[in-house]
Amino acid sequence: MVDYSVNSSVALLLVNNPPVNALSHAVRKGLADGMLKATKDTKVKAIVIAGKGRTFPAGADIREFSGPGKEPWLVPVGNGIEASGKPVVAAIHGTCLGGGLEVALFCHYRVALKSARVGFPEVAIGILPGAAGTQRLPRVTGLPVAFDMITSGRHVPAEQAKKYGIIDEIVTGDIVNAGIRYAMIMVGKSTIPRRLRAKPVPDAENVQKYADAAMAHVKRKYKGYEAPVYCVKAVRASAEKPYDLGVENEKTLFNVVGKSGQARAQQYAFFAERVVGKWEMPGGNSQTAKPIPVRSTAVIGAGTMGTGIAVCILSAGLPCYLVEQNQKFLENGLKTIKALMEGSVKLGKISPEVGQRAASLLKPTMSYDDLTGVDLVIEAVYENLELKKEIFAKLDKVCKPSTILCSNTSSIDIDRIAVATKRPEKCVGVHFFAPAYHMKLLENIYSTKTSPDTAATVMKLGKTIGKVPILVKSCQGFLANRMNTPYGTESGFLVEEGALPWEVDQVMEDFGMPMGPFKVRDLSGLDVGSKITAEIAKTLGVTLTDETRFMAGNRYSHMNTVLANMGRLGRKSGKGWYKYEKAGGKIASIDDDVITVLNNHCKKLGIERRTISSQEIIERLMYSCINEGFKILEEGIAKRPEEIDISWLYGFTFPKYLGGPMYYANQVGLGRVYDRICYYHENFPFSKHWVPSQLLRRLSEQNIPMSQWMASPGARL
Ligand code: 3HC
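Please read all numbers here as calculations on a predicted model, not as lab measurements.

(A) Layout of the domain arrangement of the protein chain. By domain assignment, the protein chain separates into domain 1 (2-122 + 129-196), domain 2 (284-474), domain 3 (499-605) and domain 4 (614-708). Measuring from the centre of the C-alpha atoms in domain 1 to the corresponding centre in domain 2 gives 42 Å.

(B) Geometry of a positive patch on the surface. A cluster of basic residues, Arg 63, Arg 274, Lys 278 and Lys 463, forms a positive patch at the surface. Within the element layout of this structure, Arg 274 appears in helix 11 (residues 261-275). Judged by relative accessible area, Arg 274 falls into the partly exposed class, the value being 41%.

(C) Structural context of the state of the cysteines. In total, this model carries zero disulfides according to the counting rule given. No disulfide involves Cys 96; its sulfur sits 9.1 Å from that of Cys 107, the nearest cysteine. Its relative accessible area of 0% is what places Cys 96 among the buried residues. Free of any disulfide, Cys 678 has its nearest cysteine sulfur in Cys 625, 17 Å distant. On the accessibility criterion, Cys 678 (23% relative accessible area) is partly exposed.

(D) How the structure looks around the packing of aromatic side chains. Under the criterion given, the structure shown has 17 aromatic pairs. On the numbers, 5.1 Å between centres and 50 degrees between planes, the contact of Phe 630 with Trp 709 is tilted. Separated by 79 residues along the polypeptide, Phe 630 in helix 24 (residues 614-634) and Trp 709 in the segment after helix 28 (694-702) bring together distant segments of the chain. Judged by its relative accessible area of 0%, Phe 630 falls in the buried class. According to the relative accessible area criterion, Trp 709 is buried, its value standing at 0%. Relative to Trp 690, the ring of Tyr 680 has its centre 4.9 Å away and its plane inclined at 35 degrees; by these criteria the two rings are tilted. Of this pair, Tyr 680 sits in helix 27 (residues 670-683) while Trp 690 sits in the loop between helix 27 and helix 28; the two residues are 10 residues apart in sequence, bridging distant segments of the chain. Residue classification places Trp 690 among the buried residues on the basis of a relative accessible area of 0%. Members of the aromatic cluster, connected to one another through ring pairs, are Phe 433, Tyr 487, Phe 511, Trp 648, Phe 652, Phe 654 and Tyr 664.

(E) Spatial organisation of the sheet that holds strand 8 (residues 156-157). Ordered by their spatial adjacency, three strands build an open sheet running 5-7-8, and the pairing between neighbours is mixed. Strands with a single pairing partner mark the edges of an open sheet, and in this sheet they are strand 5 (95-97) and strand 8. Inspection of the sheet shows strand 5 paired to strand 7 (residues 117-119) by three bridges, in the parallel sense. Looking at the pairing, Thr 95 lines up with Arg 117 of strand 7.

(F) Highlighting the site of the ligand. Among the 25 residues in the neighbourhood of the ligand, the closest are listed as Arg 54, Ala 60, Glu 122, Arg 274 and Lys 278. Contact distances for the ligand include 2.9 Å between a nitrogen atom and a backbone N or O atom of Ala 58. For the ligand, whose accessible area on its own is 980 Å², the fraction buried by protein is 76%. Put simply, the parts of the chain that give the shell around the ligand at least two residues each are strand 5, helix 3 (99-106) and helix 11. With three residues, the top contributor of residues to the shell around the ligand is helix 11. Class assignment of the residues belonging to the shell around the ligand gives a composition of 13 nonpolar, five polar and seven charged.

(G) Representation of the confidence of the model for the protein chain. Averaged over the protein chain, the pLDDT score is 96; the fraction of residues at 70 or greater is 100%. Complex prediction metrics read pTM 0.95 and ipTM 0.99.

(H) Highlighting the environment of Ala 146. Mapped onto the elements of the fold, Ala 146 is located in helix 5 (residues 143-152). In the structure, Ala 146 is positioned 107 residues away from Leu 253 in sequence and 17 Å away in space, judged by C-alpha atoms. Excluding residues that lie within four positions of it along the chain, Ala 146 makes contacts with Leu 137, Pro 138, Thr 141 and Val 235.

(I) The arrangement of the UniProt feature "domain: 3-hydroxyacyl-CoA dehydrogenase C-terminal" (unreviewed entry) in the protein chain in detail. In the UniProt entry, the feature "domain: 3-hydroxyacyl-CoA dehydrogenase C-terminal" (unreviewed entry) is given for residues 477-580 and 617-702. Secondary structure content for residues 477-580 is 57% helix and 6% strand, and the end C-alpha separation is 32 Å. Counting secondary structure, residues 617-702 comes out at 70% helix and 0% strand; the distance between its end C-alpha atoms is 28 Å.

(J) Spotlight on the packing of helix 24 against helix 27. At their nearest, the axes of helix 24 and helix 27 sit 10 Å apart, and the two run at 100 degrees to each other. Classified by the interaxial angle, the pair formed by helix 24 and helix 27 is roughly perpendicular. Together, Gln 615, Glu 616, Glu 619, Arg 620, Tyr 623, Ile 626, Asn 627 and Phe 630 of helix 24 and Leu 670, Arg 672, Val 673, Arg 676, Ile 677 and Tyr 680 of helix 27 make up the contact between the two elements. Across the contact of helix 24 with helix 27, the residue classes break down as seven nonpolar, two polar and five charged.

(K) View of the pairing of strand 15 (residues 376-379). Every second residue of strand 15 is oriented toward a common face, with Leu 376 and Ile 378 on one face and Val 377 and Glu 379 on the other, all of them buried. Note that strand 12 (residues 297-300) and strand 15 share four bridges and pair parallel. Note on strand 15: the bridge partner recorded for Ala 298 is Val 377. Here four bridges tie strand 15 to strand 16 (residues 404-407), and the two strands are oriented parallel to one another. Note that in strand 16 the partner of Glu 379 across the bridge is Ser 407. For the handedness criterion, the β-α-β arrangement of strand 15, helix 15 (residues 385-398) and strand 16 is classed as right-handed.

Calculation criteria
- Residues numbered from 1 in each chain as written.
- Predicted model: local features only at pLDDT ≥ 70, side-chain atom pairs only at ≥ 80, totals over all residues.
- Heavy atoms only, no water.
- Domains from an automatic or database assignment.
- Patch = residues over 30% accessible without salt bridge, like charges linked within 9 Å, V, L, I, M, F, W, Y side chains within 5 Å.
- Areas by Shrake-Rupley, 256 points an atom, 1.4 Å probe, with all protein chains shown as cover.
- Salt bridge = Lys/Arg side-chain N within 4 Å of Asp/Glu carboxyl O.
- Lys, Arg positive; Asp, Glu negative; His and termini not counted.
- Charge placed at Lys NZ, Arg CZ, Asp CG, Glu CD.
- Helix = DSSP H or I, 4+ residues; strand = E, 2+ residues; numbered from the N terminus.
- Buried < 20%, exposed > 50% of the residue type's maximum accessible area, 1.4 Å probe, protein only.
- Disulfide = S-S within 2.5 Å.
- Phe/Tyr/Trp six-rings, centres within 6.5 Å; stacked < 30°, edge-to-face > 60°.
- Pairing = 2+ DSSP bridges.
- Near = heavy atom within 4 Å.
- Polar contact = N/O pair within 3.5 Å; in protein donor to acceptor, adjacent residues only side chain to side chain.
- Nonpolar A, V, L, I, M, F, W, Y, C, P; charged D, E, K, R; others polar.
- pLDDT = per-residue confidence, 0-100.
- Contact = heavy atoms within 4.5 Å.
- UniProt positions renumbered as here; feature names shortened; annotations may be inferred.
- Axes fitted to C-alpha atoms, helices over the stretch in contact; angles between N-to-C directions.
- Parallel < 35°, antiparallel > 145°, perpendicular 65-115°, else oblique.
- Right-handed = clockwise from strand over helix to strand, strands pointing away.

Next up, the structure:
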């Protein structure tokens, strides 16, 4: 795990634990043994610590956190490094993160390739740096940078890290050789002045000011998350306590936060994100399928989604045609893209060079004939099957035979679109979430005809453009929208039964959702929801009136349309479920008129309003979706619960500290969730989303652990 060698007078401790050289027990032991050997060897005058393969250690081995752990711990190993009388140099390439950066900070010198990045991402997995990182970083960078790096978890590029004082020198060429060369220069120099433990924290007298600012920031930005708060407390102590007591304090905080439910959930989410990359579908999987190279792309439609998608593609440095049917729409689209790219540069999401390059990569056109040679096209027009089919038929005629045709549909079965082409195996769904340039989820959808190579291509494209892609089987609404539907539906029923919209919103925001369901409706526009409902009613042959309570035997609430028909369209009209300071305003306030409309609506329908508890609100909104999630699993739409959880984390901003709805259900206990679903099914027999999932029933009866859900007998219908 740590290869030991001596090159002239320099000992090299090369961490060899692929893929990311995580600091597992064997690595920690290897480092401790290597240090002992190098210290004893009189021929050795300096020591280099580096990582073999792609990176310097990227942190502790997160998989070890669920077990009891084994000595040696990282702090004593680090103390051994720091106490060495022979200079120790960290030679950094790749990602030097978490425990890896802590090891580097125990070394006396740090050199790095320009391409390297350093950081403390522990906060993202619900913990804090636990091997003296919170005490050593402030001694190098000062408090403001330390607070920022440790509470945000951001990766800092090597050159910036040098400005912060973390890196002593940027080197070129082979990192190990560069480290050895640097170490040879340091031979004979005293290591005492380089020991961080003895350095004071700069500007320590102002700690109160910096800590208060950091705490206010994390409470606002990471509402509900415990780890950032603990990070602030730990860093603060670096300026208030002697080094050893600061390290003790860090250990105490680490032990508390590390054992919390949030940390476990966030670590589950970390691995879930990796699991969904290992997809499978009939005929192939992520190991066997071969993505086709995508060097050129096109987006059809310059509306909100089309422009957002084009921004994602351009930001990744890929050429992109933007196709519109008339000049005015095209020009508007170009303006939107320009503004979004400029915004991304300002926010530091992309570099000014990438922003500038995008202008030359973007090719506006009104002619499909320009698309003959593109590798991949994404259709992003509005949800209308006939229009989508028409576009796919046109593309099928003009594009070269290998071109992959994607539809950014949010719900239409891909098979129904692909029939318009002679290449159904190259047709696939790529569902982006609004705003497309911001939301990280990419829900890729295979039809009965999509080939594994086509699926592999869009999964790879997702990664290239910085998304978290998942692959699911086609059905009405796919995974994300199908599962999310009861969330909206139940919130509508709750306000009919007695809750007020702001009460439901408050409960769900306290639960962890960034915005309650009624604020979301106001944001997207009540007319949007109302039009979708009208379309569904049309296909079912139902005439909607203010009194309609059922559609095709299924319970329905007309309240959203009642408000929309009054011109209360949401934020854009200044009134919706809330009232706003102006049309287009953002500050929602309670509107008594809504209560009057609600009361009248209920009176007309003979609904007696009642008091509804917070617990019922959470159960009605979450358990109905969870029940649908289990149906999605048993029908094979998703292969694993991780796909569902990732879709909620990155598509609906579900709080990571709850892991995702399926993880959450497992924490609550499947038995309890199932019983409550049965209860609601009994009480609300006309809502088909309460018909209990058979998979959920079986799993709850047999008490099967989450990791075994899909391997259990009869998991699929
Ligand atoms: N522990 C265990 N496994 C890890 C790991 C870690 N710290 N980091 C990555 N892995 C695994 C992944 O699960 C994945 O496994 P798989 O191939 O079986 O799915 C494999 O390594 C490759 O990881 P990625 O797919 O994420 O590779 P990328 O190249 O896309 O990203 C990375 C590399 C940026 C290093 C990313 O893996 C990452 O962010 N890792 C986590 C870093 C981290 O959180 N470090 C802090 C750990 S906690 C700590 O150090 C506590 C300390 O203060 C005491």
